[in-house]
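# Structural description and commentary
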Amino acid sequence: MNQKVQHNINDLITQLESLIASLQEKITDPTIQQFLLTVDLLIREFRGDKTVATLLKMIQSIGKYVEKKKEKTHQDTFSALKYFVKSIISVQGSDFSNSEKQKLLQENLKELNLLKQKIAVPLSDKARIDELKTVLLSLEWEINPITIALYKRTVSDLKETWNNSKLFCSFLNILNILGKYVDHQQANSHQGALQLIRKIYDHLEFIVLNPWMPFEKKKQILVQDIEKINIFKAAVARKSNIPPQKAETPALQPALSQYKHSIDSHRAVSDEFIPLSDDQAIASDNNDADSIETAEISSDTNHTDVMDDLFNPKASPVDELLDKIHLMNVLGKNKSTGMTSQEDDSVSSMPGVKKFTPRRIDKEPIPEISNRIDEFFNLDTMQPDGEKNSNLTPDINLNPESVRDEETEPESYFNRLHDSIEQAILSMTFHDIDHVIKEISQLDNMFLEDPSKKPFIHSLILSSKLIEKLSGSLLTKQRSVLKNTPPD
Amino acid sequence: MALVNVKTKEVQVKIVYYGPGRGGKTTNLEYINNKYRDRIKTKMVSLKTHDDRTLFFDFLPFDVGTIKGFNIVIQLYTVPGQSKYNETRKVVLGGADGIVFVADVQAEQRKKNIESLNQLYENLKANNLDLFKIPLVMQYNKIDLRLQNIPVIPSATLQKDLNSHLRVPAFEASALNGGNVIPTLKRIISMTLASIQDQLF
């Protein structure tokens, strides 16, 4: 590691320590964002150092927890953060042996687990509230005598369990009243009943899972909920005073009717419909499913371990996705999606990686795509030993080597750029100008690792930026001319 | 979004099977995995609850070979269908390049199909994706039930319920027996690749 890089790392670590101290004093959004950014920068610096990277991931997870909980962050969080930073300082750039690094990691993991235990809500309460949620979801799915009976029994059981908490019981009383109403009215229940049950439940869940919340705040939530139920009662009473009208069963609205405004009239449409004959529908050629891995779900911990598995090495997209789902529990719903895009960005910012957003278009695939897919899914072309694609029909368009020669040689890129520039000069349309810019961008990728071509490519990119700006200002001018031209 | 590594010449495409609970999304993937296990070679990963419902998602990656010098890797995912897992569905949909909407043709599932498709619109929107623009194929699954005298929704009704605004290719299917499973998959892969072919090939 050169001195400049080491200097930069030292600066970042110092900054991290100072941010932890600031957070301990007062948690503000800018500080926490700065903290997460610093951790992110350090993770990038230590991408090749598994030990430090793991420690940084632990810090990042705790950072996300602080971001979520803000002033409700557990007080021991900061001492744990300091402990991890201290470990990073001791191990980075040192000549620790592998076993010493392993020992250090284990000690840090122990510290993290200790913190997690302190943070976690006791399983008993968490499990109880989760059980109620499951019952509630089944009620939302379908109101029937079974789901209603289950709901009423669960609420009643919870009242018995939490009989020492007046606050919890008050929420449960409200849920009980609403349950009785739904039971009585069944499918004719007021449309707001289930929504209200869900709101009351959400508040109860929040209070149960945040035991350190000030009592006054909890009480305030309860008072608001009591007001809501009074309003609901009044609405139901008004409804029952209205003379019954002729019952009408509304026909089902087609899906997406409410989003019709989003439909682009120029979008690609297809009326392709492929039926399945009765013979095909019953002809079974399905085999056993013994090659499918099913993950075991363990539930033998004493606490809810929402950060479980976050620190394992990420071997596949499955691990990454599972992390996102796990983190969703730590960070909350919206935050986790934010993190998702951040990670995706990190993948796409890797050298040579580009993102394309597929759009439904009214265009047939090129023959090479159709041929390749047909060949792949045609089992007749498979060898008895199952060697993939080894005896697929040779296709001159599909031979990777020949394609590489023809399509990916530098000359081919330059030829295409040349053609597209000529086309743009002739047509002077934005579409063709855009095409030139894309070709230049492809050249940029082509010569990513060729330093001798860099100045040349750099000039090309600058030219493309100039073209882009010129075409943009031209478009603005055209629009302004059109705007100022009086109608015929 | 499709990830293209111009250095390694690899294109990664993510297809998500979406639809109401117990509609046959996992069965689609299981069929593909079993039928093409020698060709696919990678293992399908399925994260299930104790009662065999999808908990997080199913994942089946495979490599279809090379097109114009680019190696094409397809990643198939399913989402958990149960209503309580909507947040997981949103996460799994992130970065999707193509969607197969697996509807259940049983008469009693009509409303759930519609609700699920409406929810798909919202969940894609949360991921900055647009159901009216993303490559999409409809699959009307369990069509074999009509032979067992179980009431099923006529395909014309399904088209009206689910496809009148979208107007995308639709397939009747029997995932359990493999009927139209592969044509559905082929269609969504070719639609997705066709949509990026101008920029890529």
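Owing to the predicted nature of the structure, the values given are computational and were not obtained by experimental measurement.

Of regular secondary structure, chain B possesses six helices and eight strands. Taken across its 201 residues, chain B has 74% of its residues classed as buried. Counting contacts in chain B only where the partners sit at least 6 residues apart, residues at least 24 apart contribute 70% of the total. By element, 47% of the accessible surface of chain B is carried by carbon and sulfur atoms, the whole surface being about 5800 Å².

A few words on the pairing of strand β5 (residues 70-78) of chain B. Residues and elements named next belong to chain B. For β5, a buried count of eight out of nine residues is recorded, marking the element as mostly surrounded by other parts of the structure. Of the pairings in the sheet, the one linking strand β2 (residues 10-18) to β5 comprises eight bridges and is parallel in character. Across the sheet, E10 pairs through a bridge with N71, a residue of β5.

Residues and elements named next belong to chain A. Counting across every chain of the model gives 15 salt bridges over all chains. A salt bridge links D202 to R198; the nearest nitrogen and oxygen atoms lie 3.4 Å apart. Here D202 and its partner R198 are both found in helix α9 (residues 192-209), four residues apart, which amounts to about one turn of the helix. Its relative accessible area of 32% is what places D202 among the partly exposed residues. K228 is paired through a salt bridge with D225; the nearest N and O atoms lie 3.5 Å apart. Of the two residues, K228 and D225 are both situated in helix α10 (residues 215-241); the distance of three residues between them amounts to about one turn of the helix.

Residues and elements named next belong to chain A. Inspection of the secondary structure assignment puts T73 in the loop between α3 (50-69) and α4 (77-91). Among the polar contacts made by the side chain of T73, one reaches the main-chain carbonyl oxygen of K70 at a distance of 2.5 Å. Excluding anything up to four places from it in sequence, T73 contacts I27, Y65, V66 and F78.

With that settled, the discussion passes to the nonpolar core. Of all hydrophobic cores here, the largest spans 43 residues; its most connected members are I99, L117, M138 and L162 of chain B. At the level of secondary structure, the elements contributing two or more residues to this core comprise α12 (317-331) of chain A together with β2, β4 (54-67), α3 (86-93), β6 (98-104), α4 (110-126), β7 (136-141) and α5 (155-163) of chain B. The dominant element in this core, judged by the number of residues it contributes, is α4 of chain B, at five residues. Listed in part, the 40 residues of the second largest apolar core include A2, V11, Y31 and V181 of chain B.

With that settled, the discussion passes to α4 of chain B. Residues and elements named next belong to chain B. Over its 17 residues, α4 runs 25 Å from end to end, which matches the ideal 24 Å to within 8%, given 1.5 Å per residue. Among the residues making up α4, those that are buried are K112, N113, I114, S116, L117, N118, L120, Y121, N123 and L124. After α4 finishes, the residue N128 shows a positive phi value of roughly 60°.

Attention shifts here to the packing of aromatic side chains. Scanning all chains against the criterion turns up 13 aromatic pairs over all chains. Note on F376 of chain A and F377 of chain A: the rings are 4.9 Å apart at their centroids and 85° apart in plane angle, and the pair reads as edge-to-face. In this structure, F376 of chain A and F377 of chain A share a single accessibility class: buried. Aromatic pair F377 of chain A and F62 of chain B: ring centres 6.3 Å apart, planes at 80°, arrangement edge-to-face. A residue pair is termed interchain when its members come from two chains, as with F377 of chain A in helix α14 (residues 367-377) and F62 of chain B in strand β4. You'll find F377 of chain A and F62 of chain B in the same group, each marked buried. Pairwise contacts between aromatic rings join F376 and F377 of chain A together with Y36 and F62 of chain B into one cluster. Over the ring of F376 of chain A we find R39 of chain B, and its NZ or CZ is 5.8 Å from the ring centre.

Thresholds applied
- Residues numbered from 1 in each chain as written.
- Chains lettered and ligands numbered in written order.
- Predicted model: local features only at pLDDT ≥ 70, side-chain atom pairs only at ≥ 80, totals over all residues.
- Heavy atoms only, no water.
- Helix = DSSP H or I, 4+ residues; strand = E, 2+ residues; numbered from the N terminus.
- Buried < 20%, exposed > 50% of the residue type's maximum accessible area, 1.4 Å probe, protein only.
- Contact = heavy atoms within 4.5 Å.
- Areas by Shrake-Rupley, 256 points an atom, 1.4 Å probe, with all protein chains shown as cover.
- Pairing = 2+ DSSP bridges.
- Salt bridge = Lys/Arg side-chain N within 4 Å of Asp/Glu carboxyl O.
- Polar contact = N/O pair within 3.5 Å; in protein donor to acceptor, adjacent residues only side chain to side chain.
- Core = buried A, V, L, I, M, F, W, Y, C linked by side-chain atoms within 4.5 Å.
- Expected span 1.5 Å × (residues − 1).
- Phe/Tyr/Trp six-rings, centres within 6.5 Å; stacked < 30°, edge-to-face > 60°.
- Lys NZ or Arg CZ within 6 Å of the ring centre and 35° of its normal.

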